[in-house]
Amino acid sequence: MRIRLVTPLSAPARHAACAFAAAFALAVAAIPCVSAQAAPAAPSPGQSAAATPPSPAPAAESRTCRNAKSKVARAQRSVDKVEKAIARARAGSTTCTTKPVCDRYATKIEELEARRVHRASLLTRSMTTADAACKGS
């Protein structure tokens, strides 16, 4: 068992550290995410910058719609993960040489198939919920 000896910070040092952390958090929060934003298209030589029509702003999605869409994405990743596991188990079962090993692969494939059916049903339920939540957006 290791014991770490840490000398506590003095009160002025703690205040300075908190002030630095707060200033850093504010600075990071004020920086726009440039990489996630699309760059505006440059006007062609025959057009001026003022002649280009402004692009319409994307419709703001409701919070429930965004949450429902993220739930659908998570469910889809889960289904994909199970399908990859089934493919790996099937590939492994083709190379099994003894009966106990082949039986384990067969059991594993059956379990994964049942899991895939369950995950797919969760995915369809999430998709219907997302459709209902995003219908008004």
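None of the values given here were measured: they were computed from a predicted structure.

Asker: Quick question: what am I supposed to make of the packing of helix 2 (residues 63-93) against helix 3 (residues 99-134) here?
Answerer: The relative placement of two packed helices is expressed as an angle between their axes plus a distance between the axes. Packing of helix 2 against helix 3 brings their axes to within 8 Å, and their N-to-C directions diverge by 160°. Classified by the interaxial angle, the pair formed by helix 2 and helix 3 is roughly antiparallel. Of the two elements, helix 2 crosses helix 3, and the hand of that crossing is left-handed. Of the residues assigned to the contact of helix 2 with helix 3, the class counts are 18 nonpolar, six polar and eight charged.

Asker: Teacher, can you tell me more about the environment of Ala91 here?
Answerer: Inspection of the secondary structure puts Ala91 in helix 2. Here the alpha-carbon distance between Ala91 and Tyr105, two residues 14 residues apart in the chain, equals 9.7 Å.

Asker: What exactly am I supposed to notice about the state of the cysteines here?
Answerer: As used in these notes, a disulfide is a covalent bond between sulfur atoms, one from each of two cysteines. For the structure on display, the rule yields two disulfides. A sulfur-sulfur distance of 1.9 Å marks the disulfide that ties Cys96 to Cys102. Taking the torsion about the sulfur-sulfur bond, which here is approximately 100°, the covalent link between Cys96 and Cys102 counts as right-handed. Disulfide connectivity for the protein chain, with bonded cysteines indexed by sequence position, reads 1-4, 2-3.

Asker: Just checking my understanding: could you explain the pattern of salt bridges for this structure?
Answerer: Close approach of charged atoms allows side chains of opposite charge to pair. Taken as a whole, this structure holds three salt bridges when the rule is applied. Two residues, Arg90 and Glu113, come together in a salt bridge whose shortest N-O distance is 2.7 Å. One end of the pair, Arg90, is in helix 2; the other, Glu113, is in helix 3, and 23 residues separate them in sequence. For the salt bridge of Lys99 with Asp103, the shortest nitrogen-to-oxygen distance reads 3.2 Å. In this pair, Lys99 and Asp103 are both assigned in helix 3, four residues apart and thus about one turn of the helix distant. If you follow the salt bridges from partner to partner, you end up with Arg90, Glu113 and Arg116 in one network.

Here is what the cut-offs are and how they apply
- Residues numbered from 1 in each chain as written.
- Predicted model: local features only at pLDDT ≥ 70, side-chain atom pairs only at ≥ 80, totals over all residues.
- Heavy atoms only, no water.
- Axes fitted to C-alpha atoms, helices over the stretch in contact; angles between N-to-C directions.
- Helix = DSSP H or I, 4+ residues; strand = E, 2+ residues; numbered from the N terminus.
- Parallel < 35°, antiparallel > 145°, perpendicular 65-115°, else oblique.
- Left-handed = near helix turned anticlockwise from the far one by under 90°.
- Nonpolar A, V, L, I, M, F, W, Y, C, P; charged D, E, K, R; others polar.
- Disulfide = S-S within 2.5 Å.
- Salt bridge = Lys/Arg side-chain N within 4 Å of Asp/Glu carboxyl O.

Keep in mind these numbers describe shape, not what the thing actually does.
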